[in-house]
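# Observations on chain architecture
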Amino acid sequence: MQAEPRKSLVGQEYEVEVGPVAHGGHCIARTSEGQVLFVRHTLPGERVVARVTEGEEGARFLRADAVSVIEASKDRIDAPCPYAGPGRCGGCDWQHAKPGAQRRLKADVIAEQLQRLAGLTPEEAGWDGTVLPAEGDKLPAGEVPAWRTRVSYAVDPSGRAGLRRHRSHEVEPIEHCLIAAPGVSELGIERRQWPGMDSVEAIAATGSQDRQVVLTPKPGARLPLVELDRPVSVLRVDERSGGVHRVHGRPFVRERADDRTHRVGAGGFWQVHPKAADTLVAAVMQGLLPRKGDTALDLYCGVGLFAGALADRVGEKGAVLGIESGKRAVEDARHNLAGFDRVRIEQGKVESALPRTGITEADLIVLDPPRAGAGRKTVQHLSALGARRIAYVACDPAALARDLAYFREGGYRVRSLRAFDLFPMTHHVECVAILEPATKPA
């Protein structure tokens, strides 16, 4: 006998007291019946009318938007972006919060995840509890840093470029994205039509004048003639293979960090904030304190940012091994690090490539895993290598906390943790944790 379908609660409104912030860009509230609401566009301590956007009767939780504010937080401001708010662009989570409040909210999330998933207080993690703004981003309330050097625009059926709405394929057409870096905005993506395109990614390199547009056409569509407001390279995503092909111009951009130029090919990973790469390299090197002659691992190494920084500092008698799964990123890393004789880059997933290397020990380890984290098996392997220090770069505090718990099982403790607001106006935050053996060798 088939169960009766549950009644959808989408559109239902509840007047609620808003509780603490939660991981994901929303706050927690409860209906009068006790059902949990994840509410966007609100702040802790507010009283709001929340309209359900996803969920049904009996669900573990509902998603909702604050559509009316009855009692506002002192941290609330009018969103500077005209496209922010319930049902609009999903790119930013905290346009309605003062910049300092945004960083406090992110700090609350990090602290909650560390406690819940790793059993660590801020003091035990060597963290002062603050999230630091990037250089130049400390602006008055109502002003928005233009930081995003890579913007992926969706294209609506009429050919207009815009941004996706929250948890939706629907497109919010826009005339200007406030958080887009000047090098992206000056291309004028939003001011022209993109017939037949599914998405248009715009990239403005940091430290060079390289500009790139990556087009993803709808099945069977022909590429438009790309005439933008600045010189730009054009690439195309193949609808069958997902590979990226050059249409004209360079198939890469040149990014500058740690006093070196890095080639980043189509689809390659590079930090989105213009200050991020240098900020993270400084935090990692200050935490690791590399010595001449050290052997080091750079895992999930991308185009070799940390591997190059390590190679500079361990000198000619040191050695660095980088591991990266992306074929194009490995080619770029080998190109970027060609000047270092004792640097080797291996292609493959870390969990399978690292055991194949036969490495049984290392002095230093850097890992910058994807959002899901490294996982128990990889952490166990790394813990067995006996590294003097390990630097963990994390874009997701939940994954970081889970992996820190695994490292503790492997005999490592957190020496220090720093957090950086490299994604202003969004809920995302970057952390750098430095680990060392819990028991120092005699």
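It should be noted that the structure appears before, not after, this text.
Now for a description of the structure that goes with this document. (Residues numbered from 1 in each chain as written. Predicted model: local features only at pLDDT ≥ 70, side-chain atom pairs only at ≥ 80, totals over all residues. Heavy atoms only, no water.)

## Brief notes about the packing of aromatic side chains
Rule in force here: The rule is short: rings of Phe, Tyr and Trp, with Trp giving its six-membered ring, pair when the centres are within 6.5 Å, and they are stacked under 30 degrees, edge-to-face over 60, tilted in between. Only runs of H or I of at least four residues qualify as helices and only runs of E of at least two qualify as strands under DSSP, and these elements are numbered from the N terminus. Partly exposed describes any residue whose relative accessible area lies between the buried limit of under 20% and the exposed limit of over 50%, with all areas from a 1.4 Å probe on protein chains only and scaled to the type maximum.
Enumeration according to the criterion identifies three aromatic pairs in this entry. Taking 5.9 Å as the distance between ring centres and 90° as the angle between the ring planes, the aromatic pair formed by Trp147 and Phe423 counts as edge-to-face. On the criterion of sequence distance, the pair formed by Trp147 in the loop between strand 6 (131-133) and strand 7 (150-155) and Phe423 in the loop between strand 21 (412-421) and strand 22 (430-437) is long-range, its members being 276 residues apart. Classification of Trp147 by relative accessible area gives buried; the value is 1%. Phe423 gets classed as buried once you look at its relative accessible area, which sits at 11%.

## Side note on the pairing of strand 16 (residues 295-299)
Our working rule: Pairs of strands are assigned from DSSP output, requiring at least two bridges between the strands.
Extensive coverage of strand 16 is indicated by the burial of four of its five residues. Pairing geometry for strand 16 and strand 17 (residues 319-324), over five bridges, is parallel. Each bridged residue has a counterpart across the sheet, and for Thr295 the counterpart in strand 17 is Ala319. Where strand 16 lies against strand 19 (residues 364-367), four bridges are found, and the strand directions are parallel. Bridging from a neighbouring strand, Asp298 pairs with Val366 of strand 19.

## Some words on the sheet that holds strand 4 (residues 47-54)
Let me state the cut-off plainly: For helices, the fitted line uses only the C-alpha atoms of the stretch in contact; every axis is such a line through C-alpha atoms, and the angle between N-to-C directions lies from 0 to 180 degrees.
Pairing is mixed around the closed barrel formed by five strands, whose spatial order is 1-2-3-5-4. With strand direction ignored, the average angle separating the axes of adjacent strands in the sheet is 55°. The pairing of strand 1 (residues 13-22) with strand 2 (residues 26-30) spans three bridges and is classified as antiparallel. Pairing of Ala22 across the sheet is with His26, part of strand 2.

## A short note on the nonpolar core
Spelled out, the test is: The definition of a nonpolar core used throughout is a set of buried Ala, Val, Leu, Ile, Met, Phe, Trp, Tyr and Cys residues joined through side-chain atoms within 4.5 Å.
Among the nonpolar cores identified, the biggest contains 76 residues, and Tyr153, Ile189, Trp194 and Val284 are the most heavily contacted of them. Sorting elements by how many residues they give to this core places helix 3 (residues 276-288) first, with eight residues. Counting residues in hydrophobic clusters, the runner-up holds 40 residues, among them Ile110, Leu297, Ile365 and Tyr412.

## A word on the sheet that holds strand 6
The strand order across the open sheet formed by eight strands is 6-21-22-20-19-16-17-18, and the pairing between neighbours is mixed. Single-partner strands in this sheet number two, and they are strand 6 and strand 18 (343-347). The sheet shows a mean angle of 20° between the axes of neighbouring strands, direction not considered. Direction of pairing for strand 19 relative to strand 20 (residues 389-394): parallel, over a ladder of four bridges. What sits directly across from Leu367, in strand 20, is Tyr392.

## Let's talk about the state of the cysteines
We apply this condition: To count as a disulfide, a pair of cysteine sulfur atoms needs to be within 2.5 Å.
Scanning all chains against the criterion turns up zero disulfides. Here Cys177 is not disulfide-linked; the sulfur of Cys92 is the nearest cysteine sulfur, at 6.3 Å. Free cysteine Cys431: the closest other cysteine sulfur is in Cys395, separated by 9.6 Å. Look at Cys431 and you get buried, because its relative accessible area is 1%.

## Describing helix 7 (residues 376-383)
This is how the line gets drawn: Regarding the arc, it is the one traced by the directions from the helix axis to the C-beta atoms. Throughout, a residue-residue contact means that at least one pair of heavy atoms, one from each residue, lies within 4.5 Å.
Residues of helix 7 that are buried include every one of Thr378, Val379, Leu382 and Ser383, and no others. Projected down its long axis, helix 7 carries its buried residues within an arc of 135°, all on one side. Residues of helix 7 that are buried sit in contact with strand 16, helix 6 (350-357), strand 19, helix 8 (397-409) and strand 21.

## Thoughts on the side chain of Thr426
When you line up the elements, Thr426 lands in the loop between strand 21 and strand 22. The exposure class of Thr426 is buried, given its relative accessible area of 3%.

## With respect to the pattern of salt bridges
Note the threshold: Salt bridge, as used here, is a side-chain nitrogen of Lys or Arg placed within 4 Å of a carboxyl oxygen of Asp or Glu.
In the structure shown here, the tally under the stated rule is 31 salt bridges. With its nearest N and O atoms 2.7 Å apart, the salt bridge here joins Arg263 to Asp332. Here Arg263 is found in strand 15 (residues 260-265), whereas its partner Asp332 is found in helix 5 (residues 327-336), with 69 residues between them in sequence. Judged by its relative accessible area of 0%, Asp332 falls in the buried class. Each member of the salt-bridge network shares a partner with another, and the members are Arg88, Arg165, Glu170 and Glu172.

## Quick word on the packing of helix 7 against helix 8
Two numbers describe a pair of packed helices, the interaxial angle and the distance between the axes. Just so we agree on the cut-off: Geometric relationships in this document are graded by angle, where less than 35 degrees denotes roughly parallel, more than 145 denotes roughly antiparallel, 65 to 115 denotes roughly perpendicular, and other angles denote oblique. Here a crossing is taken to be left-handed if its near helix is turned anticlockwise relative to the far helix by less than a right angle, and right-handed if that turn runs clockwise.
Orientation of helix 7 relative to helix 8, taken along the N-to-C sense of each, is 40°, at an axis distance of 9 Å. Our classification of the angle between helix 7 and helix 8 gives oblique. Considering only the axes of helix 7 and helix 8, their crossing is right-handed. For the pair helix 7 and helix 8, the contacting residues are Arg376, Val379, Leu382 and Ser383 in the first and Asp403, Tyr406, Phe407 and Glu409 in the second.

## Section: the packing of helix 1 (residues 99-118) against helix 8
The cut-off we apply is this: Any residue that is not Ala, Val, Leu, Ile, Met, Phe, Trp, Tyr, Cys, Pro, Asp, Glu, Lys or Arg is counted as polar, Gly included; the first ten are nonpolar and the last four charged.
Two elements in contact, helix 1 and helix 8, have axes separated by 8 Å at closest approach and are oriented at 35°. For helix 1 against helix 8, the interelement crossing comes out right-handed. For the pair helix 1 and helix 8, contact is made by Val109, Ile110, Gln113, Leu114, Leu117 and Ala118 and by Pro397, Ala398, Ala401, Arg402, Leu404, Ala405 and Arg408, respectively. Split into classes, the residues belonging to the contact of helix 1 with helix 8 amount to 10 nonpolar, one polar and two charged.

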